[in-house]
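# Analysis of the macromolecular model
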Amino acid sequence: METDLRRIRRLARANETEVDEFIERLKGERVSKRRLDSALKALFREIMPFFDCTKCAACCKEAYVVLETHDIARLAEALDMKRSVFRESYVGRNEDRDTCLNRRPCPFLKRNLCTLYRWRPDSCREYPFSLAVDSTEKLDNLGANYLVCPVVFHALERLRAEWPLR
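What comes next concerns the included structure. No experiment lies behind these values; they were computed from the predicted model shown. Starting afresh in each chain, residues are numbered from 1 along the sequence in its written order. Totals for whole chains, interfaces and linings use all residues, but because this is a predicted model, local features are given only for residues with pLDDT of at least 70 and pairs of side-chain atoms are given and counted only at 80 or more. Only hydrogens and water are set aside when side-chain values are computed; all heavy atoms of the structure are taken into account.

## Considerations on the packing of helix α2 (residues 33–47) against helix α9 (residues 150–162)
Working note: a packed helix pair is described by the angle between its axes plus the distance between those axes. Filter applied, for reference: Axis definition: a line fitted to C-alpha atoms, over the contacting stretch in the case of helices. Angles run 0 to 180 degrees between N-to-C directions. For the purposes of this entry, the term helix denotes a DSSP run of H or I that reaches at least four residues, the term strand denotes a run of E that reaches at least two, and both are numbered from the N terminus. In these notes the angle categories are as follows: under 35 degrees is roughly parallel, over 145 is roughly antiparallel, 65 to 115 is roughly perpendicular, and the rest is oblique. It is the rotation of the near helix from the far one that decides the hand of a crossing: anticlockwise by less than a right angle makes it left-handed, clockwise makes it right-handed. Any two residues whose heavy atoms approach within 4.5 Å at even a single point are treated as in contact. Following the grouping adopted for this structure description, the nonpolar residues are Ala, Val, Leu, Ile, Met, Phe, Trp, Tyr, Cys and Pro, the charged ones are Asp, Glu, Lys and Arg, and the polar ones are all others, Gly among them.
Remark: α2 packs on α9, axes separated minimally by 9 Å, with the N-to-C direction vectors making an angle of 125°. With respect to α9, the element α2 is oriented oblique. Crossing of α2 over α9 shows right-handed handedness. Two secondary-structure elements touch here, α2 through Leu36, Ala39, Leu40, Leu43, Phe44, Glu46 and Ile47 and α9 through Val151, Val152, His154, Ala155, Arg158 and Leu159. Grouping the amino acids of the contact of α2 with α9 by side-chain chemistry returns ten nonpolar, one polar and two charged.

## Observations regarding α2
Here is the rule: Under the convention used throughout, the expected extent of a helix is 1.5 Å for every residue step, that is, one less than its residue count. Between buried and exposed lies partly exposed: a residue is buried under 20% and exposed over 50% of the maximum accessible area for its type, with that area taken using a 1.4 Å probe on protein chains only. Working note: the arc is built from the helix axis to C-beta atom directions. Think of a polar contact as two N or O atoms within 3.5 Å of one another; within protein, one of them needs to be a possible hydrogen donor and the other a possible acceptor, and neighboring residues in sequence only count if both atoms come from side chains.
Compared with an ideal rise of 1.5 Å per residue, which puts 15 residues at 21 Å, α2 spans 21 Å between its outermost C-alpha atoms and is within 8% of the ideal. Here α2 has its buried residues at Leu36, Asp37, Ala39, Leu40, Leu43, Phe44 and Ile47. The buried residues of α2 occupy one face: seen down the axis, they fall within an arc of 165°. Those residues of α2 that are exposed and angled more than 90 degrees off the buried face are Arg34 and Arg45. Where α2 is buried, its residues touch α8 (139–145) and α9. Of the residues flanking the start of α2, the one acting as N-cap is Ser32, its side-chain oxygen 3.3 Å from the backbone nitrogen of Arg34.

Listed below in structure tokens is the structure:
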């Protein structure tokens, strides 16, 4: 299994069109949500031990950190800020209109480590496994994260090899 992050990024860019086509075929075949979720969870569990997220932190640098109301409250408290001030300073919306941190990379990332790790948002706690829950509804996100996370990259490469679609 390739673990060099630069090489994985090059391979992901080279295979991006094929992966997009695979995602579209998955949509067209209406794959069972339970089957896809199960396969992705198993692949993520198998692949995760090969990577140290603190060596990469690409998700913190490139992906949107989606925030729920309780995440905002927890982060504001950790920073000793009023929620309204935290919202003004750090919260925005992405192109999907999700409430998220208003900048990338994450403003709380320092030297590939989260300075608010104990208080981090649920989306950070659950990544990339959150992509394996209701995955048939998140296929576009899965495809986008192929370019970000080496675990997602390898999982999708394995799916492409093991799930021949029309």
